Every structure is written in structure tokens, then in C-alpha cells.
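Given next are the chains, with one letter for each unit.
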Amino acid sequence: MNKKISLGVSLSITAIAIAITCIFTMTFSQNLFNSKVNVKERTELNEIDNYVRANFIGEINEEALKSAISNGYINGLDDKYAHYYSAEEFQEEKLSDAGLLVGLGFTVIKDEGGYIRLVKVEENSPASEAGFKKDDLIVAVSGEDVLSKGYSQSLASLKGEEGSLVNITIRREGVDSEYQLVRRKMEIVSVTGRVIDNIGYIKIETFNTKTAEQFKVLIDDFTAQGVKGFVFDLRDNGGGILDACEEMLNYLLPAGDVATATYKDGSQKVIVKTDGVHEVKLPVSVIVNKNTASASELFAVALRDAQKAVLVGTNTYGKGVMQYTTELSDGSAIKITVATIETTKTPNYDGVGVKPNFEVTLTQAEEENFAQLDEKTDPQLKKAIEVIGAD
């Protein structure tokens, strides 16, 4: 689970930043390494470096070596949410946090036959403009059969830089057709919804800088239609940026402190609060599952703490800690865990998860066919709607 509660690119965490940046700006100069990085085994590392440089017959890629050392430092923290980003990876991460992506505009799963099945095609995307439809099969990428190349490798081949071309073979109703698409930058649609039996159903995929705006548009639209309640679906939502979560809660809750962070030195800071200017007073249910994590857990717990919602589904992932992401001098970045999170009424749930008010599980067949479930075949969604009706 590589999702996180993040404050984006924050103020530098000075000590760590200096240490890691040092690794990037040196080529194993022993004096600099010893003076800047307080690692007990630095002498051994210097010995390794000296021996390798004296005896290794291959060519040393200095950039790759520096990145490997930085990555190893972060991996050595025993922080499962810590991460080292190369400069290129960090640009992609910032793009994602901004609610943008470079790609083709579809979401996929692995089909039972091993091919790539489209489960969602974004509007105004290269895929939708080419005529791609839900349940189409991608059977070849750049002329290479998906089964022969492998599912994961084929997925990787679909990615590329903005403006680059890719050839895709689509199978629909047994007929194969080849398309050439151009990858481009698109806004991520992270919030979708529809009205079901006079209930406003809203699916929240992630939390990025565009999410709150998309969420509020649907809240206003459904309220104007006279819905009698809302279902927020947070299943498989691994989190995202905290600012988006706060802005959305601010559109739902009365004024007050919502969540507090506790840092290494014991200091505490309110990280989510609401002003009460806008408040939704309709009944709400929230659907969660084992992959509901981080900001999405906080969102669900905050609504329940305020007695605004009941939770339906299964126990959540259990990520009650917060990370800061810090950009380094060369454009790379590190993310480390810096605080635990507590809401006003719910104890820290890190490693434990949040238990729903109404536990509803899916069968194995329903799990495998999750993308195709709807209000008639999804027992968790049916229960969430039923709860609203009961209120």
C-alpha cells in the first residue's frame, strides 16, 4: 500500500534533508561523508567504495550509485511508508497530487484470460476519442501480444511521455482492431456519482488537489435534485493529500477541530479543522473496505465522530500516521513518517483499522467481479442505501 496522507511538498525536514542531499552532492568523498552523514557503518561503506573503485572492471554509473545509496538509506529506516523519489519520479508524483496524469485515459484490470480489460474510459481522453469502451480487451501493445509479453510488462508499455505514440490492439466481440494513440496530459476524474433511489451516490477514488472541487460540484448538484441522503464510497481509496480531505470535510461538517498530529518531540498540532460556513445536514453512509486507507480513513472517521455518518463494509486498512515529502536540491525527494494522527473521538487506528457500524462482506465471486457490481448486485452498496432509507 503506497498510498499516504501527505501535506505535499512541505518545509524541509532539515537534518534528514542535509544528510540525504550530501549523498547526492558527493562522490564518496570520505571527509564529506563522515562529516555530514551520521551512519555508524560509514567507515565500512568507504572501504567498500575504495575497494570497488580500485578493483571493479565495469563502469560505475555515478548517478545510479548515488540514487541507490539514497534509496538504501530510506529503506533502512524501517518505515513502510517512507520512499525515495528520483527527480523523474518526483515530477510524476507532483503531477498526480495536482490531479493530473500523462497517459491514455483508461482504468484496467487483468482479464481472466490474461489480457488487459478496460473497466473505465475517461471522458475527453485519447482512449474515449479513439472509441474505446468499457470491457474492451487490450490484446497487444506496440505489436507485442499481451499473453506472450506478460500482463505487467504490457501495462508498463502503455506508459510513456506526453506526446509519444503507442499502438494498441483492441478486441471487441471477437474482432481485433489496431489503434494509434498519443499520450497526453489530462485531469484525473477522482470523484464520480449518480442518483440511486433518491440517494446521492458519490465514489471517491483518491484525494488530490482537484478532488474537493469535483466533490462539491456533485454535492451541490444532488442537493439541488432533492436527494434525501448521500452514500460516499471509499472502497479501495488509498488516500492522498490531506488538504483535499480537509476541504471536503469543511463542506460537510459543523465548525470545530477534526484531527491532530503528534510529532516526534511530543508536540501536537491541529491538522484538520472546519469553519462551519457550509454544512450538509442530510443523512450519510460511508462504504469502506480493507483498502480504505490514510486520508480516506480520516474522512470516514471524522464524519462518524461528528455523528454525521455510519460506516458500512469491512475493517479498513489502518494507516493512522502522516508523512512529509521534502524535495532535495537535485529535484529528487524523500518521504518519511513524521507524526501519528488522532481524531477528536477515535483513538489512533494505525495498524488496527476502523471497524464499520455495519459489517458487510463480499463473496469471492463478488470481489473478483467488483468493477462490474452495481446497486442491484453489490451487497455493501445495497446496505449503505438501506441505512439511509432507515434514517
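Residues numbered from 1 in each chain as written. Predicted model: local features only at pLDDT ≥ 70, side-chain atom pairs only at ≥ 80, totals over all residues. Heavy atoms only, no water.

Caption draft 1: Just the overall build of the chain, in detail. In terms of regular secondary structure, the chain is built from 13 helices and 21 strands. Burial analysis of the chain (391 residues in total) assigns 46% to the buried set. A sequence separation of at least 24 residues applies to 69% of the contacts in the chain between residues at least 6 apart. Surface accessibility of the chain: about 19400 Å² in total, with carbon and sulfur atoms responsible for 48%. (Helix = DSSP H or I, 4+ residues; strand = E, 2+ residues; numbered from the N terminus. Buried < 20%, exposed > 50% of the residue type's maximum accessible area, 1.4 Å probe, protein only. Contact = heavy atoms within 4.5 Å. Areas by Shrake-Rupley, 256 points an atom, 1.4 Å probe, with all protein chains shown as cover.)

Caption draft 2: Main features of the packing of helix α9 (residues 211-224) against helix α10 (residues 242-250). The interhelical angle for the contact between α9 and α10, taken along N-to-C directions, is 20 degrees, at an axis separation of 8 Å. Here α9 is positioned roughly parallel relative to α10, judged by the angle of their axes. Crossing geometry of α9 relative to α10 is assigned as right-handed. Seen from α9, the contacting residues are T211, A212, F215 and K216; seen from α10, they are A244, E247 and M248. (Axes fitted to C-alpha atoms, helices over the stretch in contact; angles between N-to-C directions. Parallel < 35°, antiparallel > 145°, perpendicular 65-115°, else oblique. Left-handed = near helix turned anticlockwise from the far one by under 90°.)

Caption draft 3: Fine view of the packing of aromatic side chains. Summed over all chains, the structure comprises 9 aromatic pairs. Relative to F299, the ring of F215 lies with its centre 6.1 Å away and its plane at 90 degrees, an arrangement referred to as edge-to-face. A residue pair is termed long-range when its members are at least 10 positions apart, and F215 in helix α9 and F299 in helix α11 (residues 295-305) qualify at 84 residues. Cation over ring: K216 sits above Y251, and NZ or CZ is 5.5 Å from the ring centre. Sitting over the ring of Y81, K319 keeps its end group 4.6 Å from the ring centre. (Phe/Tyr/Trp six-rings, centres within 6.5 Å; stacked < 30°, edge-to-face > 60°. Lys NZ or Arg CZ within 6 Å of the ring centre and 35° of its normal.)

Caption draft 4: A look at the pairing of strand β9 (residues 175-182). Two elements, strand β8 (residues 165-172) and β9, share 8 bridges in a ladder whose sense is antiparallel. The residue of β9 that forms the bridge with L165 is V182. Between β8 and β9, which pair antiparallel one after the other, the connecting turn spans 2 residues, and E173 there sits at a positive phi close to 55 degrees. (Pairing = 2+ DSSP bridges.)

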